[in-house]
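So the chains spell out like this:
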Amino acid sequence: MSDKEFGGSEDLSLPKATVHKIITEVLTSPSILAAQNQGNSVGSDGVAAQPMTFAKETRDLLIECCVEFVTMLSSEANEIAEKEAKKTIACEHITKALEELGFGDYVPELLAVADQFKSSQVTRERKQTKIEQSGMTNEELIRAQEELFKTAGDKFSSNVSPGA
């Protein structure tokens, strides 16, 4: 897919700090560290092996690849949704797109994460509105609102010049 199809990719990117955080988490995960240190916890110079690092240019290349992957995947999923006369891309459109693009191995993990997300949405606490946070009854809120209106009206009346 060319950049021209999507209006140019220079305006599409991922937050560098977020990508850097993900890379750091992956590179410092116990399984990666164990693989790095397996059999060579001390180098030939007698110094312990250091954790893997990631060059900035490599991070930028990874970001470009991720943007291209997301663009390709969303475009394919959009085509699938349009064929089904749907106006919203759903999870099943993404899974079909992954399979059609040759990434079918990712589908089970995607479905597991989607289920986990749905479960977390059911059990998450609903945020309280400012009105609910106030702890005031409806009558108290109405009284406070009327007082605010009166105060605002008084301020407005006092600011209007008598000869206007």
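Definitions and cut-offs
Along every chain, residues carry numbers that run from 1 in the direction the sequence is written. Given that this is a predicted model, residues contribute local features only at a pLDDT of at least 70 and side-chain atom pairs are listed and counted only at 80 or more, while totals for whole chains, interfaces and linings are drawn from all residues. Only hydrogens and water are set aside when side-chain values are computed; all heavy atoms of the structure are taken into account. UniProt positions are given in the numbering used here, feature names are shortened, and annotations may be inferred rather than shown by experiment. Joining through side-chain atoms within 4.5 Å is the link that ties buried Ala, Val, Leu, Ile, Met, Phe, Trp, Tyr and Cys residues into a set, and such a set is a nonpolar core. Three exposure classes are used, based on accessible area relative to the maximum for each residue type with a 1.4 Å probe and protein chains only: buried under 20%, partly exposed in between, and exposed over 50%. Under the scheme used here, helices are H or I runs from DSSP no shorter than 4 residues and strands are E runs no shorter than 2 residues, and both carry numbers assigned from the N terminus. Residue contacts follow a heavy-atom distance rule, with two residues in contact if any of their heavy atoms lie within 4.5 Å. We define a salt bridge as a contact between a side-chain nitrogen of Lys or Arg and a carboxyl oxygen of Asp or Glu at a distance within 4 Å. In this analysis an axis means a line fitted to C-alpha atoms, helices contributing only their contacting stretch, and an angle means the value between N-to-C directions, from 0 to 180 degrees. Throughout this description, any angle smaller than 35 degrees is read as roughly parallel, any larger than 145 degrees as roughly antiparallel, any in the 65 to 115 degree range as roughly perpendicular, and the remainder as oblique. Note on residue classes: Ala, Val, Leu, Ile, Met, Phe, Trp, Tyr, Cys and Pro are nonpolar, Asp, Glu, Lys and Arg are charged, and everything else, Gly too, is polar. Exposure above 30% relative accessible area and the absence of a salt bridge qualify a residue for a patch, where like charges join within 9 Å and nonpolar side chains (Val, Leu, Ile, Met, Phe, Trp, Tyr) within 5 Å. For the accessible areas, the method is Shrake-Rupley and the probe is 1.4 Å, while residue cover comes only from the protein chains on display. His is not counted here, nor are the chain ends, while Lys and Arg score as positive and Asp and Glu score as negative. Every charge is mapped to an atom, namely NZ of Lys, CZ of Arg, CG of Asp or CD of Glu.

Per an unreviewed UniProt entry, the chain is named NCT transcriptional regulatory complex subunit B, and its organism is Recurvomyces mirabilis. Within the UniProt record for the chain, the comment given under Subunit (unreviewed entry) is "Forms the NCT transcriptional regulatory complex with nctA and mot1." Under the Function (unreviewed entry) heading, UniProt states for the chain: "Part of the NCT transcriptional regulatory complex that acts as a key regulator of ergosterol biosynthesis and the azole exporter cdr1B. The NCT complex binds the promoters of genes linked to azole susceptibility, and especially represses the expression of cdr1B transporter."

Note on soluble globular proteins: their nonpolar side chains tend to be buried together. In terms of nonpolar packing, the biggest core is built from 6 residues, these being Leu 73, Ala 77, Ile 80, Ala 97, Leu 98 and Val 107. Listed by contribution, the elements that provide at least two residues to this core are helix 3 (56–83) and helix 4 (91–100). Counting residues per element, this core draws most heavily on helix 3, which supplies 3 residues. Look past the residues within four positions of Ile 80 in its chain and what remains in contact with it is His 93, Lys 96, Ala 97 and Glu 100. One finds Ile 23, Leu 27, Ile 63 and Val 67 within the second-largest nonpolar core, a separate group that totals 5 residues.

Within the sequence span of helix 4, burial applies to His 93, Thr 95, Ala 97 and Leu 98. Taken together, the buried residues of helix 4 touch helix 3 and helix 5 (107–123).

Let us now look at the pattern of salt bridges. Where side chains of opposite charge bring their charged atoms close, a pairing between them can arise. This structure, assessed with the given rule, holds 4 salt bridges. Close ionic contact of Asp 60 with Arg 59 constitutes a salt bridge, the shortest N to O distance being 3.1 Å. The exposure class assigned to Asp 60 is partly exposed, which follows from its relative accessible area of 25%. Taking the shortest distance from any N to any O, the salt bridge between Asp 154 and Lys 150 comes out at 3.1 Å.

Our next topic: the packing of helix 1 (residues 16–27) against helix 3. For the pair helix 1 and helix 3, interaxial distance at closest approach is 10 Å and the crossing angle is 105°. As summarised for this structure, helix 1 and helix 3 are arranged roughly perpendicular, according to the angle between their axes. Across the interface between the two elements, Lys 16, Val 19, His 20 and Ile 23 of helix 1 pack against Arg 59, Asp 60, Leu 62 and Ile 63 of helix 3. Taken together, the residues that form the contact of helix 1 with helix 3 break down as 4 nonpolar, 1 polar and 3 charged.

Quick look at a negative patch on the surface now. Among the surface-exposed residues, Glu 79, Glu 82, Glu 99 and Glu 100 lie close enough to one another that they form a single negatively charged patch. Counting only elements with at least two residues in the negative patch, the list comes to helix 3 and helix 4. Relative to the assigned elements, Glu 82 resides in helix 3. On the accessibility criterion, Glu 82 (54% relative accessible area) is exposed.

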